[in-house]
Amino acid sequence: MRTSLRVPFGLKNGRLYEPLQVANGKLCACVCPACKKPLVAKQRASTPHFAHAQDESCAKGLETAVHLAVKQIIAERHSLRFPILRWNNPFKFQRESQSVVVEPERLCDLASVELELWLDNIRPDIVVVADGQTYLVEVAVTHFVDDKKHEKIRRKQTPTFEIDVSHLKTGFTLESLEQAIYTNRRYDAQWLYHPKLEVLTLEASQRENQRKEALAAAEQEKALKYKRYKALAPID
């Protein structure tokens, strides 16, 4: 079985390279970031890329290569762009604002960067530490976080966001990835879980319960008044 996914980056001496950064063909001396089998650089292709030297059945080459590339870029810059943290009130009948910016988009220095580190029963793409807080970072290349992993993230209760680079699928380069993460005006990243959002939703839920209780009490009082009125003796 052959994979139709091209490998955008080759691994050599612990570092990722683009096809034009190494020798052409088998002389590139690169291996697949996923299966660690030899690659050949296809520099003369319309879109330069790497291919497995022996047509190995490796369906994870692209995904793993991009994850490693993102980690390499983040680790070398020792910083990461955190997306805006926005809370949307799920209860539309409340007087409070329906959309609140909890934290603005910001660039943070990082203390550490780890790739696919197992944390109990979950393995996020990247684990970073900033300002003493651990964050989980998912990178969407060909697949996004599914409901099952999303639920594990919620139970883990660790701030987590997903960076979407799927729009680069026809041209993954180190430069395009770096621009997508740091400099593009539009940052395709969103929070999957943040405890601050959970607290705000809980508070809104409590207010909603109080609102409903007040409405129920008002209706009950209205019904009681009507009952008293009906019980009054008729006036001759």
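Structure: above.
Rules behind the numbers
- Think of each chain on its own: its residues are numbered from 1, step by step along the sequence as written.
- Under the rules for a predicted model, residues below a pLDDT of 70 receive no local features and side-chain atom pairs below 80 are neither given nor counted, while totals for whole chains, interfaces and linings still include all residues.
- Side-chain metrics in this entry use all non-hydrogen atoms of the structure; hydrogen atoms and water are not considered.
- Numbering goes from the N terminus for both helices and strands, where a helix is a DSSP run of H or I of at least four residues and a strand is a run of E of at least two.
- The size measure is the radius of gyration over C-alpha atoms, and the globule rule it meets is 2.2 Å times the number of residues to the 0.38 power.
- Think of it in three bands: with a 1.4 Å probe and only protein chains considered, a residue is buried below 20% of the maximum accessible area for its type, exposed above 50%, and partly exposed in between.
- Residue contacts are defined here by distance: any two heavy atoms, one from each residue, within 4.5 Å place the two residues in contact.
- Note that His is not counted, nor are the chain ends; the positive residues are Lys and Arg, and the negative ones are Asp and Glu.
- Where a charge sits is defined by one atom per residue type, namely NZ (Lys), CZ (Arg), CG (Asp) or CD (Glu).
- Only centres within 6.5 Å qualify two rings of Phe, Tyr or Trp (six-membered ring in Trp) as a pair; their planes then separate them into stacked at under 30 degrees, edge-to-face at over 60, and tilted for everything else.
- Remark: a charge is flagged as sitting over a ring if the NZ atom of Lys or the CZ atom of Arg is within 6 Å of the ring centre and within 35 degrees of the ring normal.
- Pairing of N or O atoms within 3.5 Å defines a polar contact, subject to two protein rules: one partner must be a possible hydrogen donor and the other a possible acceptor, and residues neighboring in sequence count only if both atoms are side-chain atoms.
- Disulfide assignment relies on a single distance test, namely cysteine sulfur atoms paired within 2.5 Å.
- In this analysis a 1.4 Å probe is tested at points of a 1 Å grid over the protein atoms alone, and where it fits but cannot get out there is a cavity; an open set with protein on both sides within 12 Å along at least five of seven lines is a pocket; lining residues have an atom within 4 Å of a point.
- Grid points are joined across faces, edges and corners, and a volume is the space filled by probe spheres set on the points.
- Residue polarity follows a fixed list, in which Ala, Val, Leu, Ile, Met, Phe, Trp, Tyr, Cys and Pro are nonpolar, Asp, Glu, Lys and Arg are charged, and the others, Gly among them, are polar.
- Each axis is a line fitted through C-alpha atoms, taken for helices only over the stretch in contact, and angles between the N-to-C directions span 0 to 180 degrees.
- Two helices cross in a left-handed way if the nearer one is turned anticlockwise from the farther one by less than a right angle. They cross in a right-handed way if the turn is clockwise.

Student: I would appreciate a short explanation of the overall build of the protein in the present structure.
Tutor: On a plain count of helices and strands, the protein comes out with 4 helices and 13 strands. A globule of 236 residues ought to have a C-alpha radius of gyration of about 18 Å, yet the protein, at 27 Å, is considerably larger. Taking the principal axes of the C-alpha coordinates as reference, the protein spans close to 110 × 40 × 35 Å. Going through the 236 residues of the protein one by one, you find that 37% of them count as buried. Within the protein, contacts between residues at least 6 apart in sequence are counted, and of these 59% link residues at least 24 apart. Measuring between centres, the 36 positive side-chain charges of the protein sit 3 Å from its 30 negative side-chain charges.

Student: Please clarify how the packing of aromatic side chains should be interpreted in this entry.
Tutor: What characterises a pair of aromatic rings is the spacing of the ring centres plus the angle enclosed by the ring planes. Summed over the entire model, instances satisfying the criterion amount to 5 aromatic pairs. Considering the side-chain rings of Phe82 and Tyr135, the 4.8 Å spacing of their centres and the 70° angle between planes classify their relative orientation as edge-to-face. Taken together, the residues span a long stretch of sequence, with Phe82 in strand β5 (residues 79-82) and Tyr135 in strand β11 (residues 133-140) at a distance of 53 residues. With relative accessibility at 0%, the residue Phe82 sits in the buried group. An aromatic cluster is present here, built from Phe82, Tyr135, Phe161 and Trp191 joined pairwise through their rings. The ring centre of Tyr182 lies 3.8 Å from the NZ or CZ of Arg77, which sits over that ring.

Student: What exactly am I supposed to notice about the side chain of His49 here?
Tutor: Within the secondary structure layout, His49 lies in strand β4 (residues 49-52). Of the polar contacts made by the side chain of His49, one reaches the backbone oxygen of Thr47; its length is 2.9 Å. Excluding residues within four positions of it along the chain, His49 makes contact with Arg6, Val7, Pro19, Val40, Ala41 and Lys42.

Student: Would you mind going over the state of the cysteines with me for this structure?
Tutor: Structurally, a disulfide amounts to a covalent bond that connects the sulfur atoms of two cysteines. Enumeration according to the criterion identifies 0 disulfides in this entry. In this structure Cys30 is not part of a disulfide, and its nearest cysteine sulfur, from Cys28, lies 4.3 Å away.

Student: Help me out: how do you make sense of the layout of surface pockets in this one?
Tutor: In this approach, a probe sized like a water molecule rolls over the atoms, and the result shows the empty space that is left. Approximately 690 Å³ is the volume attributed to the largest pocket. For the largest pocket, the lining is made up of 22 residues, of which His67, Arg123, Asp125, Glu138 and Lys149 are closest to its centre. Elements supplying a minimum of two residues to the lining of the largest pocket: α1 (61-77), β11 and α2 (147-156). Here the lining of the largest pocket is built from residues that sort into 7 nonpolar, 4 polar and 11 charged.

Student: Can you walk me through the packing of α1 against helix α3 (residues 174-183) in this structure?
Tutor: Between two packed helices, what matters for the description is the angle formed by their axes and the separation of those axes. Closest axis-to-axis distance for the α1/α3 pair is 10 Å, and the angle between their directions is 65°. Classified by chirality, the crossing of α3 by α1 is right-handed. In this structure, α1 uses Val66, Ala69, Val70, Gln72, Ile73, Ile74 and Arg77 to contact α3, whose residues at the interface are Leu174, Leu177, Glu178, Ile181 and Tyr182. Tallied by class, the residues present in the contact of α1 with α3 amount to 9 nonpolar, 1 polar and 2 charged.

Student: For this particular structure, what's the right way to read α3?
Tutor: Quick reminder: α-helices carry 3.6 residues per turn. Residues three or four places apart thus point the same way. Of all the residues in α3, the buried ones are Leu174, Ser176, Leu177, Ala180, Ile181 and Tyr182. Residues of α3 that are buried sit in contact with β2 (15-17), α1, β5 and β8 (106-109).

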